[in-house]
Amino acid sequence: MIKNYRYLTQDTKRLVVYYGVENIGSAMGSFITIFYVLSLGYGLVFYGALTAVGGISFVAFLLPMSSSSTLLGSKRSVIVGTVLQAASDVIIGFSTERAAILSSAIVWSLGSSMITPNYGALVSKSENIEMRTHGFSASGFMSQIGAFAGTAASGIVSSAFYPYVGKVNAYRLVFMISAAIMLLSVYPAILSKVNIRGSRPKFREQSYGIIYRLMLPAMLIGAGAGFLIPYFPVQFKDRFGASVQLISLIFSLTSLFMAFFMLYMPYIERNRGSLRSIVSSWLLSTAFMIAMPLTGIFGFMALPLFSAFYFFRTVIMNAISPVQSSFELSLLKEQYRPIASSLETLAWNAANSGTVVLGAIIMKYSLNLPFYICAIFYIFASLLYYRFFRNFKPA
């Protein structure tokens, strides 16, 4: 089963290496951002506002930038987007003022809006239908290995340099290393030969019926996630007084295990089917999420149980993403994949931006309530997704 990955095309392998290295840099900066903002004296609500600005900017840029494949081609769009993300980390690393920090989120979103609709479309084009899920699984594997390495490095570097340069400067160093790694990641992407020149689709095309069905569950997932997911580091910190290094360890180990679990996604898909695998994973991960706030009754075992449930929730929810990506893009004609990816991501981020500040406000009064609100949205999304696609077959 694992040996099948050797048959991936050279273009897929180059794209996968790019994605893994890019995620090392991305994870370093993303993990440390919340602690950097708090160390500057800004509160959790400002961090929520920063996340919302990033999300709203991403939504605003996504549709215009989905046309970047028409102007630049998908490959160049991915490269330019990665350079912009590196620039964002440099901006926030040298900033203390609110306006500059918020502007870094806007630059990051501009870069993400160029990468998101184009990277998956490139992987999809690089492989035929039989190997497409393997391509996305390899991409997911390298993404999580990158997230593991980046998250771990973020905690290690900041903790190692904190005694010598202070907390704020240690966090700034993490941002600079993050930017350098992302710039290095573009080299294997440059070497890949696959490219897509998008076209402006007509709204009467049947593909748009599928895209609309993809958008509504994505909106529900995004809205639910906004109440809780960005604040998991704070949940660990406020509930248990966990250190940045411990939180970094928990998150990085979760990413590491998820990476290897993703390699088995083609096998799970083959045995259970794409749709059943996706929906059952969402529902099972939601069950673990609901159990997380209940761990407080277990005294000294609360932190280990909370960490274990976080681990299972995160792995089960996210490891299925290669199957989901392969399934959804296989429903669409090649020229519509970048715009479909854009619209689905737009739906997720628009809804997420609308709830992320509410999540920060609710957490000031209750650490438990965001879990249950998020779960309601996830359950509805799962049921709707199944209803929409139970009669669809990938082509």
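Up top you'll find the structure we're talking about.
Now for a quick tour of the structure. (Residues numbered from 1 in each chain as written. Predicted model: local features only at pLDDT ≥ 70, side-chain atom pairs only at ≥ 80, totals over all residues. Heavy atoms only, no water.)

### Some thoughts on the overall build of the chain
Phase 1: Helix and strand counts for the chain come out as 16 helices and 0 strands.
Phase 2: Taken against the 2.2 N^0.38 rule, which gives 21 Å for 395 residues, the C-alpha radius of gyration of the chain at 20 Å falls within 12% of a compact globule.
Phase 3: Its C-alpha atoms give the chain principal-axis dimensions of about 55 × 40 × 40 Å.
Phase 4: Nonlocal contacts in the chain, meaning residues at least 24 apart in sequence, comprise 87% of its contacts between residues at least 6 apart. (Helix = DSSP H or I, 4+ residues; strand = E, 2+ residues; numbered from the N terminus. Rg over C-alpha atoms; globule rule 2.2 N^0.38 Å. Contact = heavy atoms within 4.5 Å.)

### A short note on the side chain of T355
Phase 1: Looking at the secondary structure, you find T355 in helix 15 (residues 337-363).
Phase 2: A relative accessible area of 9% means that T355 is categorised as buried.
Phase 3: Dropping the residues within four chain positions of it, T355 is found in contact with G222, A223, G226 and F227. (Buried < 20%, exposed > 50% of the residue type's maximum accessible area, 1.4 Å probe, protein only.)

### As for the nonpolar core
Phase 1: Ranked by internal contacts, the top residues of the largest apolar core, which has 69 residues, are I32, F35, F236, F251, Y385 and F389.
Phase 2: For this core, the leading source of residues is helix 8 (residues 207-226), giving 8 residues.
Phase 3: With residues up to four places along the chain from it excluded, the contact list for F236 reads G241, A242, I247, I250, F251, L303, F306, S307 and Y310.
Phase 4: Formed by 21 residues, the second largest nonpolar core is a distinct cluster that contains L8, V78, A138 and V186. (Core = buried A, V, L, I, M, F, W, Y, C linked by side-chain atoms within 4.5 Å.)

### A word on the side chain of S330
Phase 1: Tracing the backbone through its elements, the reader meets S330 in helix 14 (residues 321-330).
Phase 2: The class of S330 is buried, set by a relative accessible area of 2%.
Phase 3: Within the structure, S330 has its side chain in polar contact with the side chain of R132 (distance 3.0 Å). (Polar contact = N/O pair within 3.5 Å; in protein donor to acceptor, adjacent residues only side chain to side chain.)

### Things to note about the pattern of salt bridges
Phase 1: One pass over the structure, following the stated rule, counts 1 salt bridge.
Phase 2: The salt bridge partner of D11 is R14, with a shortest N-O separation of 3.8 Å. Note that D11 and R14 are positioned in helix 1 (residues 10-39) at a spacing of 3 residues, about one turn of the helix. (Salt bridge = Lys/Arg side-chain N within 4 Å of Asp/Glu carboxyl O.)

### What about the packing of aromatic side chains?
Phase 1: One pass over the full model with this rule turns up 27 aromatic pairs.
Phase 2: When the ring of F236 is compared with that of F306, the centres are 5.0 Å apart and the planes differ by 80°; the resulting orientation is edge-to-face. Note that F236 is positioned in helix 9 (residues 232-240) and F306 in helix 13 (residues 302-319), a separation of 70 residues in sequence.
Phase 3: Judged by its relative accessible area of 0%, F306 falls in the buried class.
Phase 4: Put simply, the rings of F31, F35, F232, F236, F240, F251, F306, Y310 and F371 touch in pairs and so form one group of aromatic residues. (Phe/Tyr/Trp six-rings, centres within 6.5 Å; stacked < 30°, edge-to-face > 60°.)

### Let's talk about the environment of L50
Phase 1: Counting through the fold element by element, L50 comes out in helix 2 (residues 44-66).
Phase 2: On the basis of relative accessibility, which here comes to 7%, the residue L50 falls in the buried class.
Phase 3: In sequence terms L50 and D11 are 39 residues apart; their C-alpha atoms lie 36 Å from each other.
Phase 4: If near-sequence neighbours (up to four positions away) are discounted, L50 is found in contact with T33, V37, I101, L102 and A105.

### Examining the packing of helix 10 (residues 244-262) against helix 13
Phase 1: Direction vectors running N to C along helix 10 and helix 13 enclose 35°, while the axes themselves pass 9 Å from each other. Here helix 10 and helix 13 pass one another in a crossing that is right-handed. When helix 10 is examined against helix 13, the residues L246, I250, F251, L253, T254, F257, M258, F261 and M262 are found in contact with a partner set consisting of L303, S307, Y310, F311, T314, V315, N318 and A319. (Axes fitted to C-alpha atoms, helices over the stretch in contact; angles between N-to-C directions. Left-handed = near helix turned anticlockwise from the far one by under 90°.)

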